[in-house]
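Tertiary structure, described
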Amino acid sequence: ETGVTQTPRHLVMGMTNKKSLKCEQHLGHNAMYWYKQSAKKPLELMFVYSLEERVENNSVPSRFSPECPNSSHLFLHLHTLQPEDSALYLCASSHTSGTGVLSVHYNEQFFGPGTRLTVL
Amino acid sequence: RKEVEQDPGPFNVPEGATVAFNCTYSNSASQSFFWYRQDCRKEPKLLMSVYSSGNEDGRFTAQLNRASQYISLLIRDSKLSDSATYLCVVTIPGYSSASKIIFGSGTRLSIRP
C-alpha cells in the first residue's frame with residue numbers, strides 16, 4: 001500500500017464504548033497529525049507528533065488519547081465520547097524540520113481518507 | 001477575528017471562466033501558505049504552495065500579499081473537474097511549541113457546463 005491509510009473508514013459507537021482509530025503512512029515522513037472535520041467548520045488540528053514525540057495538543061478533551069508507537073503509525077483512542085464528537089477524523093503526515101518543540105511544519109501534508117465517526 | 005478567513009461561496013461559474021478567491025490571515029508572523037483542494041467526501045490534497053513572489057502551475061496562479069495579509073488563487077479556463085472546496089492553509093511559527101497550522105473553512109467552487 002502507498003500513501004496514508006486509515007481504519008476503520010466508518011465507526012458507530014455508543015457513549016460508553018472504547019474504540020481506537022488507526023493511521024499508517026508509507027511515505028517515510030517524520031511527522032503525523034490528527035485533525036477533526038465537522039460539518040460547516042474548518043479542519044481543527046488535534047494532535048501533532050514529530051519524530052514520535054507529541055509537540056502539539058490543541059486543548060483537546062482527555063476523552064481523546066493519541067498514541068504514536070513509531071514514525072509510521074498513529075492511533076487515536078476514544079472513550080466516553082459525546083454526540084458532538086461525531087465528525088470526520090483525518091490523519092495526515094509530512095516531513096518536518098527540527099525536532100520536538102522546535103519542529104516546524106512548513107511542508108505539504110498528505111491526508112488519509114478519514115474515519116467517519118458517529119457517536120450515539 | 002478569525003485567524004484565517006475565506007469567503008465560503010459557493011462560487012458558481014460557467015466552464016471556461018476565470019475565477020479568483022482570496023484568503024485573509026490575521027497574524028503578521030504567518031510564514032507558510034498553501035492552497036488545498038477537497039472534493040466532496042474526500043480528503044484534502046495540496047493544490048499548490050504559495051511563494052512570496054507568486055507562482056503559477058498551469059491554469060492556477062497563487063499570490064501572496066504580506067502588506068494586506070492575504071493570499072489569492074486564480075483559476076483560468078475553469079474545467080468541470082475544478083469543482084471542489086478550496087482550503088487556505090497558513091502556518092505560524094511557534095514560540096513555545098511547534099508551528100501552528102490553521103485551515104480556513106474553505107471556498108466552494110461549482111463549475112457548470
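Below you will find a few notes about this structure. Since we're looking at a predicted model, the values are computed, not measured.

**Details of the side chain of A:Gln25**
Within the secondary structure layout, A:Gln25 lies in strand β3 (residues 18-25). Setting aside residues up to four positions removed in sequence, A:Gln25 forms contacts with A:Gly3, A:Val4, A:Met32, A:Ser71, A:Ser72 and A:Ser93.

**Regarding the nonpolar core**
Residues B:Phe21, B:Trp35, B:Ile71, B:Leu73, B:Ile75, B:Tyr86 and B:Leu109 are the most contacted members of the largest nonpolar core, which totals 25 residues. Among the secondary structure elements, those contributing two or more residues to this core are β3 (19-25), β4 (32-38), β5 (44-50), β7 (60-65), β8 (70-75), β9 (84-92) and β11 (107-112) of chain B. For this core, the element with the most residues is β9(B), which contributes five residues. Non-local contacts of B:Leu73, meaning those with residues more than four positions away in its chain, are made with B:Val19, B:Ala20, B:Phe21, B:Trp35, B:Leu47, B:Met48, B:Phe60, B:Thr61 and B:Tyr86. Counting 22 residues, the second-largest nonpolar core is a separate cluster that includes A:Tyr49, A:Leu76, A:Leu78 and A:Tyr89.

**Some details on the state of the cysteines**
All names here are of chain A. Taken as a whole and assessed by the stated rule, the structure comprises two disulfides over all chains. The disulfide bridge from cysteine 23 ends at cysteine 91, spanning 1.9 Å between sulfur atoms. In this structure, the disulfide formed by cysteine 23 and cysteine 91 twists by about -70 degrees around the S-S bond and is classed as left-handed. Highlighted residues: cysteine 23 in strand β3 and cysteine 91 in strand β9 (residues 87-94), separated in sequence by 68 residues. Among the residues examined, cysteine 23 registers a relative accessible area of 0% and is labelled buried. Using a relative accessible area of 0% as the deciding quantity, one classes cysteine 91 as buried. Of all cysteine sulfurs in the structure, the one in cysteine 91 sits closest to cysteine 68, which takes part in no disulfide; the separation is 9.1 Å. Of the residues examined, cysteine 68 reaches a relative accessible area of 11% and is grouped as buried.

**So, unusual backbone geometry**
Omega for the bond connecting A:Thr7 with A:Pro8 falls within 30 degrees of zero, at -10 degrees, which places this linkage in the cis form. A cis amide bond links B:Gly9 to the next residue, B:Pro10, at an omega of 5 degrees. Structurally, the position occupied by B:Pro10 is in the loop between β1 (4-6) and β2 (11-14). Phi angles above zero are rare outside glycine, and A:Thr80 is one such case at about 50 degrees. Checked against the element boundaries, A:Thr80 lands in the loop between β8 (73-79) and β9.

**Regarding the sheet that holds strand β1 (residues 4-7) of chain A**
Residue and element names in this part refer to chain A. Taken together, four strands build an open sheet; the order of strands is β1-β3-β8-β7 and the sheet is antiparallel. For this open sheet the edge positions go to β1 and β7 (64-70), each flanked by a neighbour on one side alone. For this sheet, the mean inter-axis angle between neighbouring strands, taken without regard to orientation, is 20 degrees. As paired strands, β3 and β8 are joined by seven bridges and run antiparallel to one another. Looking at β8, one finds that leucine 21 is bridged to leucine 76.

**A look at the pattern of salt bridges**
Any two side chains of opposite charge can pair, on the condition that their charged atoms come close. Residues and elements named next belong to chain B. Here the structure, examined in full by the defined rule, presents six salt bridges over all chains. Close ionic contact of arginine 59 with aspartate 82 constitutes a salt bridge, the shortest N to O distance being 2.8 Å. Residue arginine 59 is found in the loop between β6 (55-57) and β7, and its partner aspartate 82 is found in the loop between β8 and β9; the two are separated by 23 residues along the sequence.

**Describing the environment of B:Leu46**
Along the polypeptide, B:Leu46 turns up in strand β5. B:Leu46 sits 29 residues away from B:Ala17 along the chain, and the two C-alpha atoms are 22 Å apart. The contacts of B:Leu46, once residues within four sequence positions are left out, are A:Glu108, B:Phe34, B:Trp35 and B:Tyr36.

**Digging into the packing of aromatic side chains**
Two numbers describe a pair of aromatic rings. These are the distance of the centres and the angle of the planes. All chains considered together, the criterion is met by twelve aromatic pairs over all chains. Between A:Tyr35 and B:Phe103 the ring centres are 5.3 Å apart and the planes differ by 80 degrees, which places this aromatic pair in the edge-to-face class. Of this pair, A:Tyr35 sits in strand β4 (residues 31-37) while B:Phe103 sits in strand β10 (residues 100-103), on two different chains. Summarising the aromatic geometry, the rings of B:Phe34 and B:Tyr36 are spaced 6.4 Å apart at their centres and angled 65 degrees between planes, so their arrangement reads as edge-to-face.

Conventions adopted
- Residues numbered from 1 in each chain as written.
- Chains lettered and ligands numbered in written order.
- Predicted model: local features only at pLDDT ≥ 70, side-chain atom pairs only at ≥ 80, totals over all residues.
- Heavy atoms only, no water.
- Helix = DSSP H or I, 4+ residues; strand = E, 2+ residues; numbered from the N terminus.
- Contact = heavy atoms within 4.5 Å.
- Core = buried A, V, L, I, M, F, W, Y, C linked by side-chain atoms within 4.5 Å.
- Buried < 20%, exposed > 50% of the residue type's maximum accessible area, 1.4 Å probe, protein only.
- Disulfide = S-S within 2.5 Å.
- Pairing = 2+ DSSP bridges.
- Axes fitted to C-alpha atoms, helices over the stretch in contact; angles between N-to-C directions.
- Salt bridge = Lys/Arg side-chain N within 4 Å of Asp/Glu carboxyl O.
- Phe/Tyr/Trp six-rings, centres within 6.5 Å; stacked < 30°, edge-to-face > 60°.

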